[in-house]
Amino acid sequence: MNLHDDATLVLKAYGSPADPAQEGLRQVYLDHLAHHPDGMWKSCGAGHLTASALVVDPEHGRVLLTLHRKLRMWLQMGGHCEPQDASLAAAALREATEESGIPGLTLLGDSPVTLDRHPIPAPCHWHLDVQYAALAPAGSTERISDESLDLRWFAYDEVASVADASVVRLLERTRATLAERR
């Protein structure tokens, strides 16, 4: 199975019936993939899927955010899919590990936590981000990558004061997923 096929299956299985906005995004993503065989790649001028993961430390009630080098915003770890990624989940985990410097991250389940579509400068026009959550192992230490200006742990209640609405929404849905699994 290739990455395009995996993304299509993941998105078909993803459901948030209580959230019509997420259902609408899910359909936008599926339509994008149906019309763009290259829709997973940065070279797709109509936009492309990306994979990200919010690194969480539930034991201490905190999240690790990166100060993005280009955007100069506090964001979750994530980025473009690569040909060697076996799945969207693998891409999200790879990105989180590379950007956080934390080995041994594990995804919080097999499904995305949320979807977020945001505009980007031309020649591409959209990032269709498939967002996961990754659990940091106990005692882990972050290490800054070349893609970041800074890495910092933030308490759950601090995130809204430093990050945009998409990160806050990702944190809220991650916390809800954590609560459901207890």
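Now for a quick tour of the structure. (Residues numbered from 1 in each chain as written. Predicted model: local features only at pLDDT ≥ 70, side-chain atom pairs only at ≥ 80, totals over all residues. Heavy atoms only, no water.)

1. What about the nonpolar core?
Keep this limit in mind: Here, nonpolar core refers to any group of buried Ala, Val, Leu, Ile, Met, Phe, Trp, Tyr and Cys residues whose side-chain atoms link them within 4.5 Å. Exposure classes here rest on a 1.4 Å probe applied to the protein chains alone. A residue is buried below 20% of its type maximum, exposed above 50%, and partly exposed in between. Secondary structure is summarised from DSSP: a helix means a run of H or I of at least four residues, a strand means a run of E of at least two, and numbering begins at the N terminus for each. Note on definitions: a residue-residue contact is assigned when non-hydrogen atoms from the two residues lie within 4.5 Å.
Core analysis: the largest hydrophobic core is formed by 33 residues, its most contacted members being Met40, Leu49, Val55, Leu88 and Tyr132. Listing elements by their share of this core, those giving two or more residues are helix 1 (3-13), helix 2 (20-35), strand 1 (48-57), helix 3 (88-100), strand 7 (126-135) and strand 8 (148-155). Ranked by the residues each element gives to this core, the list is headed by helix 3, at 5 residues. The contacts of leucine 49, once residues within four sequence positions are left out, are Ala7, Leu11, His32, Leu33, Gly39, Met40, Cys81, Leu88, Leu128 and Val130. By size, the runner-up hydrophobic cluster in this structure holds 19 residues, among which are Trp74, Leu108, Val113 and Ala163.

2. Focus on the pairing of strand 7
Within a regular strand, the side chains alternate between the two sheet faces. The cut-off we apply is this: Any two strands are treated as partners once DSSP identifies two or more bridges connecting them.
With respect to burial, strand 7 is a largely interior element, 8 of its 10 residues being buried. Of the strand pairs in this sheet, strand 5 (residues 106-107) and strand 7 are connected by 2 bridges, and their pairing is antiparallel. Bridge pairing in strand 7 places leucine 107 opposite alanine 134. As paired elements, strand 6 (residues 114-119) and strand 7 share 6 bridges and run antiparallel to each other. Across the sheet, the residue bridging to proline 119 is tryptophan 126, located in strand 7. The hairpin turn running from strand 6 into strand 7, its antiparallel successor, is 6 residues long.

3. Points about the side chain of aspartate 85
Put simply, the rule reads: The term polar contact refers here to a pair of N or O atoms within 3.5 Å; inside protein, the definition further demands a hydrogen-donor-capable atom paired with an acceptor-capable atom, and it admits residues adjacent in sequence only when both atoms are side-chain atoms.
One can find aspartate 85 in the loop between strand 4 (77-80) and helix 3. A polar contact is formed between the side chain of aspartate 85 and the side chain of arginine 94, at a distance of 2.7 Å. Those residues in contact with aspartate 85 that sit more than four places away from it in its chain are Leu3, Ala90, Ala91 and Arg94.

4. Description of unusual backbone geometry
Glycine aside, the phi torsion of most residues is negative, and most peptide linkages are trans. Despite not being glycine, arginine 72 has its phi angle at roughly 55°, a positive value. Note that arginine 72 resides in the loop between strand 2 (62-68) and strand 3 (74-75).

5. Some words on the environment of threonine 97
Following the sequence through the fold, threonine 97 ends up in helix 3. For the pair threonine 97 and serine 111, spaced 14 residues apart in the sequence, the C-alpha separation amounts to 18 Å. Here the side chain of threonine 97 touches leucine 93 through a polar contact of 2.9 Å, landing on its backbone oxygen.

6. A look at helix 5 (residues 165-180)
Applied cut-off: The length a helix should cover is 1.5 Å for every residue beyond the first.
For helix 5, which comprises 16 residues, the first-to-last C-alpha distance of 22 Å matches the rise-based estimate of 22 Å (1.5 Å per residue) to within 8%. Turning to helix 5, its buried residues number three or more, namely Ser166, Val167, Val168, Leu170, Leu171, Thr174, Thr177 and Leu178. Against strand 1, strand 2, strand 3, strand 6, strand 7 and helix 4 (159-162) lie the buried residues of helix 5.

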